[in-house]
Amino acid sequence: MDNSRFPFLDGVAGVLVDGGGRILDCTAAAEELLALPVGVLRGRPVRDLLAAPVDPGGPPAAITGTHGYAGRGAAWAGRVSVHTGDGRLLALEVRLLVLRGAAVGDRSTARYMVIGAPAATADRWRQDQAFTRELFLQDRFGLVVFDQDLRIVRTNTHLLPYSGMPVTLTGRRLSDFLQPQDAAAVEEHLREVMATGKPLVLAEELARTVIDPRGGRMMAISAFRLQAADGAVIGLTALFNDITEQYRARRRLALLHQVTAATGRSLSVTDSAKQLAEALVGGFADVATVEVAEAVFSGEEPTPGPEGRLLLRRTAVAGPPEAVPATGDTVLVGPDGATVLVGADGSEEIGGLAELAEAWLLTAPLNARGVLLGRISVRRDRWKDAYEEEDHALLREIAARAALALDNARRYTREHRAAIGLQRSLLPPAVRSVAAVSTASVYLPTDTVGGVGGDWFDVIPLSSARVALVVGDVTGHGLHASATMGRLRTAVRTLADLDLEPEELLVHLDDLVAQLLVEAALAADDEDDLEADGLDPARFGVAARPGGPPPAPAAEEGSGARRPRPEPSSFGGTCLYAVYDPVARTCTVASAGHPPPAVAHPDGRTEYLPVVPGPPLGVGGLPFESVRVELAPGSVLALYTDGLIERGDGDIDTGMAELTRRLAVVRAQDLPLPEAGQRVIAGLPPTRLHDDVTLLLARTKAVAAADTAVWSVEPDPAAVARVREDATTALVGWGLEELAFTTELVLSELVTNAIRYAGGPVVVRLIRADTLTCEVSDGSSTQPRMRRARLTDEGGRGLYLVAQLTKRWGSRYTASGKTIWTEQELPGA
């Protein structure tokens, strides 16, 4: 068939039939559909192709050649089944078109065109037409057909269902009615679909019209490319679904989570307020103000005044600089919501909160556990969308969560201050000078969630002008660590008064920590037993385990589960104990798991003392060793905790090397010890330390040989008089004649007792330092004991007399026996 006469038949299966029902010609598509060449089909009756006899509702007789007559203009459409050349039975949807009617009495002159397609294909055509028609009638989303230049070809009436849209959109671009940045964002997606053919699925973009540039609507955009039968791109179709309400709900939920995370990130009241204000600015507000009660900053619970008004401080403000009020201003909030601005001069100016009723301004109280801590205020620019009731509910929820974070920060501040106060009250003065050393200390408490740690140090004067330098670190943080530190510091002072050797003192201290562990374990067992019986441990005097975790949920009955006991590390720690003797100019050091002290020598050398560290306190069963080194006068000892050398990154070797470098610098510059301490810790962050930092610097002194006098005394009572004479001569030479009489009485009593009860050689030594020290050493290991003599006793009053005449006295064991010593204040001291 010459399709040029029938161009509409290109690609269509068509058969030309005469009035007798014979096939005259066919299209190429008909040949392919029937699987028969045109030569076979020409002249063949149509009825030979039909699969069944024609029923009355079938095709007219004019094309089947059976009977009847078809006049001009007759037409028919329906379904038939035909046999194909390859043996298939094919269902066809056919339409009969009358091209020329039959002449009167001669039906062979009629011409008919039969157009057909597989029935399934025809069904799909009808479905496609129905789908397209109904799609453009939907009102739940916007449907747009764009050409290759992204001009609108067709759309339904609900593309963007809000103000600012033109009446007719055909032929327009998106930029003709949308804000430039919004149109550009959408068109970028569409161009990518046009270029790649990859469908776009639910891309979210904001759509604001040129006429109404407020909040706009959030659209979920999907798009796919349109192609002709030959594959040529002819445009694309896009669906615009308004998801503004879902988007706002997601934004509110995300903002709530963001604020919760931001305010819970810090335990500083000021930082929490700043993070809250900054989190609110952006999508929710243009200006956010957080006002907090004054009492919160000191850790106290806010209490309204007599008139019911509460003093608030404007703590944090976020927003454009030109719209942000100054922080630090204070306001009074009354029970009726009225605000009184308090000026710098104390004047008050009434400012009501009527403006809070405006649609662009919201406020919410910061209430936690029934206590008003402050308030939040947010404001939007008036050209933007006003706040809705959902926004107000969101702000109230944000305020409730932020108030809990602020209250936690307030409670932490209170406990942190209490712990620091307790710890500082247990530590010695920062600067001190004794006969043996001059000291200066630096203490930086940690800023972790657990609060202040358990670092401690001490400077303990010992007998014979010696001094003990102590530094330690208790495991844990908070009040419990401070209390444990206080117990250990008291124990060390008590043991130091016994003049024990450093390694022996650490053994006794280790035993004490082991006893604390046993007590803690017993207390935990008692608490578990009482709770298992359903009783409150506090009613029976059993306190909750200190520093432990919050109570765990009760175990199921019969499970046999028990709350875990405190780990040994909960009460452990480290300690370094050093004794410096200014007469012998030696330093004896022992360590219980603590870093070694550093020393800067007068000649410029710096080194760490070769201390052999023993186990940490509380391990038990292992010995401690001490090392003795000579130190020249003017040497600077540095005792510290690991927080100084770790410096937050855990590289201890680097920290120790840096410490010796800085120590050498301050020693070379001969800086005062307080300034030297600040130089050594310079560079540490002022806050957010991972551990406490403690540094104790000690500059050694020496007692000159001319300020000591030593005699060996024969074990003969007659030698006592000689001792008195020699002592008086020495005191006169030192200009201490005022102390001669008392010294003679003291030495007479002590030397006589040594000769009488100890025998053997007796050594007497006088030391002039910040006090006058008298020592009597003998070979006996029996410690003297002062007792109250009865009226009838002839003796026993000697030590009582010594105690009354001197400032203090005592005795200490030595390698060869013991030494009894006394101290007297120097005249004018």
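Source: prediction; values computed, not measured.

Participant: What should I look at first to understand the sheet that holds strand β3 (residues 76-83) in this one?
Facilitator: Within a sheet, each strand pairs with its neighbour through backbone hydrogen bonds, oriented either parallel or antiparallel. With respect to topology, five strands assemble into an open sheet ordered β2-β1-β5-β4-β3, the strand pairing being antiparallel. Of all strands in the sheet, those with a lone pairing partner are β2 (23-26) and β3, marking the two edges. In this sheet, adjacent strand axes meet at a mean angle of 30 degrees when their direction is disregarded. The pairing of strand β4 (residues 89-100) with strand β5 (residues 111-118) spans eight bridges and is classified as antiparallel. Among the inter-strand pairings, V98 is bridged to a residue of β5, identified as Y112. Seen against the sheet, helix α4 (residues 119-135) touches β3, β4 and β5 and runs at an angle of roughly 80 degrees to β5.

Participant: Help me out: how do you make sense of the packing of aromatic side chains in this one?
Facilitator: Both the distance between ring centres and the angle between the ring planes are used here to describe each pair of aromatic rings. In the structure shown here, the tally under the stated rule is one aromatic pair. Taken together, a centroid distance of 5.5 Å and an interplanar angle of 50 degrees make the contact between F284 and Y387 tilted. Taken together, the residues span a long stretch of sequence, with F284 in the loop between α7 (269-280) and β11 (287-293) and Y387 in the loop between β17 (371-379) and α9 (389-426) at a distance of 103 residues. Across the pair, Y387 and F284 agree in class, each one buried. One residue, R313, lies across the ring of F297, its end atom 3.9 Å from the ring centre. A cation over a ring is seen here: R380 above F284, with NZ or CZ 5.8 Å from the ring centre.

Participant: Explanation requested: the packing of α7 against α9 in the structure shown.
Facilitator: Contact pair α7 / α9: the axes reach a minimum separation of 9 Å and the direction vectors enclose 160 degrees. Put simply, α7 runs roughly antiparallel to α9. As for the relative orientation of α7 and α9, their crossing is right-handed in sense. Residue-level contacts link V269, S272, A273, L276 and L280 of α7 to I398, A402, L406, A409, R410 and T413 of α9. Partitioned by chemical class, the residues of the contact of α7 with α9 number eight nonpolar, two polar and one charged.

Participant: Explanation requested: helix α14 (residues 673-681) in the structure shown.
Facilitator: What sets the pattern is the α-helix's 3.6 residues per turn: residues three or four places apart point alike. Along α14, the residues classified as buried are L673, A676, G677, V680 and I681. All buried residues of α14 fall inside an arc of 125 degrees around its axis, so they share one side. For α14, the secondary structure elements touched by its buried residues are β19 (437-444), β27 (636-640), α12 (642-646), α13 (652-668) and β28 (693-700). Two residues or fewer after α14 comes G683, characterised by a positive phi angle close to 100 degrees.

Participant: Is there a simple way to think about the environment of A220 in this case?
Facilitator: With respect to the helices and strands, the residue A220 is situated in strand β9 (residues 217-227). Sequence separation between A220 and T244 is 24 residues, and the spatial gap between their C-alpha atoms is 9.1 Å. Residues in contact with A220, not counting those within four places in the same chain, are L202, A203, L239, F240, N241 and I243.

Participant: Any chance you could explain the packing of helix α6 (residues 244-263) against α7 here in plain terms?
Facilitator: The angle between the axes and the distance between the axes are what describe a pair of packed helices. Two elements in contact, α6 and α7, have axes separated by 8 Å at closest approach and are oriented at 160 degrees. Relative to α7, the element α6 lies roughly antiparallel. Judged by the twist between their axes, the crossing of α6 over α7 is right-handed. Residues L255, Q258, V259, A262 and T263 of α6 form the contact with α7, whose participating residues are S272, Q275, L276, A279 and L280.

Participant: Can you walk me through the sheet that holds β9 in this structure?
Facilitator: Sheet architecture is open: five strands sit in the order β7-β6-β10-β9-β8, paired in antiparallel fashion. Edge positions in the open sheet fall to β7 (152-155) and β8 (200-207), since each of these has one partner strand only. Across the sheet, the axes of successive neighbouring strands diverge by a mean angle of 30 degrees, strand direction being ignored. Relative to strand β10 (residues 233-242), strand β6 (residues 142-146) runs antiparallel, the two sharing five bridges.

Analysis parameters
- Residues numbered from 1 in each chain as written.
- Predicted model: local features only at pLDDT ≥ 70, side-chain atom pairs only at ≥ 80, totals over all residues.
- Heavy atoms only, no water.
- Pairing = 2+ DSSP bridges.
- Helix = DSSP H or I, 4+ residues; strand = E, 2+ residues; numbered from the N terminus.
- Axes fitted to C-alpha atoms, helices over the stretch in contact; angles between N-to-C directions.
- Contact = heavy atoms within 4.5 Å.
- Phe/Tyr/Trp six-rings, centres within 6.5 Å; stacked < 30°, edge-to-face > 60°.
- Buried < 20%, exposed > 50% of the residue type's maximum accessible area, 1.4 Å probe, protein only.
- Lys NZ or Arg CZ within 6 Å of the ring centre and 35° of its normal.
- Parallel < 35°, antiparallel > 145°, perpendicular 65-115°, else oblique.
- Left-handed = near helix turned anticlockwise from the far one by under 90°.
- Nonpolar A, V, L, I, M, F, W, Y, C, P; charged D, E, K, R; others polar.
- Arc of directions from axis to C-beta.

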